[in-house]
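In case you want the letters, here they are:
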Amino acid sequence: MVDLLQPVEMARLSLRNHLLRSATAERLSEPDGTPMPELADSMGALARGGVGLIVLGHTFVRPDGKASRGMAGLWRDDQIPAFSRIARAVHEAGGAIAVQINHAGRQANPEYCGGQPIAPSGLDATEWTPVAREIRVQEIPGLICSYAQAARRVKEAGFDAVQIHAAHGYLIGQFLSPHANRRQDAWGGPLEARAEFLRQVAGAVRAQVGADYPVLIKLGLADFIEGGLSLEDGLQVAGMLESIGIDLVEISGGAGAGNSRERVRDIEDEGYFLPWAQEVRRVTSLPLAVVGGMRSRSLMQRALDEGVSDLISLSRPLIREPDLPRKFAEGRSERATCISCNLCSKNSHEPTRCWVA
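Residues numbered from 1 in each chain as written. Predicted model: local features only at pLDDT ≥ 70, side-chain atom pairs only at ≥ 80, totals over all residues. Heavy atoms only, no water.

### Overview of the environment of Val 2
Next up, step 1: Of note, Val 2 is situated in the segment before strand S1 (8-10).
Next up, step 2: When sequence neighbours within four positions are dropped, the list of residues in contact with Val 2 reads His 18, Gln 301, Leu 304 and Asp 305. (Helix = DSSP H or I, 4+ residues; strand = E, 2+ residues; numbered from the N terminus. Contact = heavy atoms within 4.5 Å.)

Here you go:
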């Protein structure tokens, strides 16, 4: 039996347990994206709390991809030292840490991204996205390069891995989605064409970091919106990942609003992406991490025992209890106290924290 809290070697990573802190918008960076000292302190506290792998959340690869106030960005070489302090804080506490790189596309905030957002297609505004300008063909190589250069900086800053964000309705997810991508050129249309942007980003990232550096992905398998990416198409994308150089897949879903469910009260409400993980197992041999309402240690262990997942991803529980893995290990807890009220993510002008007493 695989023990949730025992060390594991996978995806070129040596981890002290099977728990992954899923990328979260910490909102502890300067306007240009340079992390403030508080971000290193926060990640150090998470590492001391015992989680196996931290994914630093989502980090814009160039200024027009910034989604919110306080979002981290790694688009200049002179930002590397501030990120290095984060990596050192985690390593000194015995943990491992990756950086999630992202461009928000049409979900970039005009207040912070320098003007009108860009996207695969110019669509009408929604409740959470403004009208975007369609990306010109000649701009696409520069966008791909920005991901690759951010990944290079992640490695140079001393992190253990890089994660490509391809979920939750951000730029790569927008290229994948038939709802967001209505292009009639080589970057739109059938799934193979819509996946070309992801394919080229992954290839450019791998070229920058080398053959042995871990490259992870967070993949949204479906959009939960009419005309969006279907689960069938999402599974086809998952089946492509090994061939484009990905080492580990974190499974999620939902475009923009709707990717985090509220009120996960009982074990029956937990693990809502586990059935999808079973489907992904059929199309790839890559190791899997699964997020989505995981709260009970018993369910996490069962997911490992049944071979559904290799790592258990947690975000909101670790906002409330950064030391939850240590509580599990010491027998002081069997279930996270997070109630999934989602208040931690609703105030985009404040650093992310638990607001429940």
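### Structural notes on helix H1 (residues 37-48)
Next up, step 1: Along its twelve residues, H1 runs 17 Å from first to last C-alpha, staying within 8% of the 16 Å computed at 1.5 Å per residue.
Next up, step 2: One or two steps after H1, the chain reaches Gly 50, where phi turns positive at roughly 105°. (Expected span 1.5 Å × (residues − 1).)

### Brief notes about the packing of H1 against helix H2 (residues 80-92)
Next up, step 1: Where H1 contacts H2, the two axes come as close as 8 Å, and the packing angle between them is 20°. With respect to H2, the axis of H1 lies roughly parallel. Note on packing geometry: the crossing formed by H1 with H2 is right-handed. Counting all contacts with H1, which are made through Leu 39, Ala 40, Met 43, Gly 44 and Ala 47, the residues of H2 involved are Arg 85, Ile 86, Ala 89 and Val 90.
Next up, step 2: Taken together, the residues of the contact of H1 with H2 sort by class into seven nonpolar, one polar and one charged. (Axes fitted to C-alpha atoms, helices over the stretch in contact; angles between N-to-C directions. Parallel < 35°, antiparallel > 145°, perpendicular 65-115°, else oblique. Left-handed = near helix turned anticlockwise from the far one by under 90°. Nonpolar A, V, L, I, M, F, W, Y, C, P; charged D, E, K, R; others polar.)

### Side note on the nonpolar core
Next up, step 1: Membership of the largest hydrophobic core comes to 90 residues, with the highest contact counts inside it found for Ile 101, Phe 159 and Phe 197.
Next up, step 2: Top contributing element to this core by residue count: helix H4 (residues 140-156), with seven residues.
Next up, step 3: Among residues more than four places away in sequence, those in contact with Phe 159 are Phe 83, Ile 86, Ala 87, Ile 97, Ala 98, Val 99, Val 154 and Tyr 213.
Next up, step 4: Judged by nonpolar contacts, the second largest core, of 16 residues, contains Leu 15, Ala 23, Ala 96 and Leu 311. (Core = buried A, V, L, I, M, F, W, Y, C linked by side-chain atoms within 4.5 Å. Buried < 20%, exposed > 50% of the residue type's maximum accessible area, 1.4 Å probe, protein only.)

### What to know about the sheet that holds strand S5 (residues 96-102)
Next up, step 1: What the eight strands build is a closed barrel, ordered S3-S4-S5-S8-S9-S10-S11-S12; its pairing is parallel. Between one strand and the next, the sheet's axes are offset by a mean angle of 25°, whatever the strand orientation.
Next up, step 2: Here two bridges tie strand S11 (residues 288-290) to strand S12 (residues 311-314), and the two strands are oriented parallel to one another. What sits directly across from Ala 289, in S12, is Leu 311.
Next up, step 3: Along the sheet, H1 contacts strand S3 (19-21), strand S4 (53-60) and S5; its crossing angle with S4, the most-contacted strand, is approximately 155°.
Next up, step 4: Each of strand S10 (248-252) and S11 touches helix H9 (residues 274-281); the most contacted strand, S11, lies at about 165° to it. (Pairing = 2+ DSSP bridges.)

### Some thoughts on the side chain of Lys 218
Next up, step 1: Within the secondary structure, Lys 218 sits in strand S9 (residues 215-220).
Next up, step 2: No salt bridge is formed by the buried Lys 218; its nearest oppositely charged neighbour, Glu 250, is found at 4.1 Å.
Next up, step 3: Discounting residues that sit within four places of it in the chain, Lys 218 has contacts with Ser 22, Ala 23, Gln 100, Gln 163, Ile 164, His 165, Ala 166, Ala 167, His 168, Glu 250 and Ser 252. (Lys, Arg positive; Asp, Glu negative; His and termini not counted. Salt bridge = Lys/Arg side-chain N within 4 Å of Asp/Glu carboxyl O.)

### Looking at the side chain of Asn 181
Next up, step 1: Assignment of secondary structure puts Asn 181 in the loop between helix H5 (171-176) and helix H6 (191-194).
Next up, step 2: Exposure remark for Asn 181: the relative accessible area of 4% places this residue in the buried category.
Next up, step 3: Here the side chain of Asn 181 touches Arg 183 through a polar contact of 3.1 Å, landing on its backbone nitrogen.
Next up, step 4: Beyond its immediate sequence surroundings of up to four residues, Asn 181 is in contact with Pro 120, Ser 121, Gln 174, Phe 175, Trp 187, Gly 188 and Arg 194. (Polar contact = N/O pair within 3.5 Å; in protein donor to acceptor, adjacent residues only side chain to side chain.)

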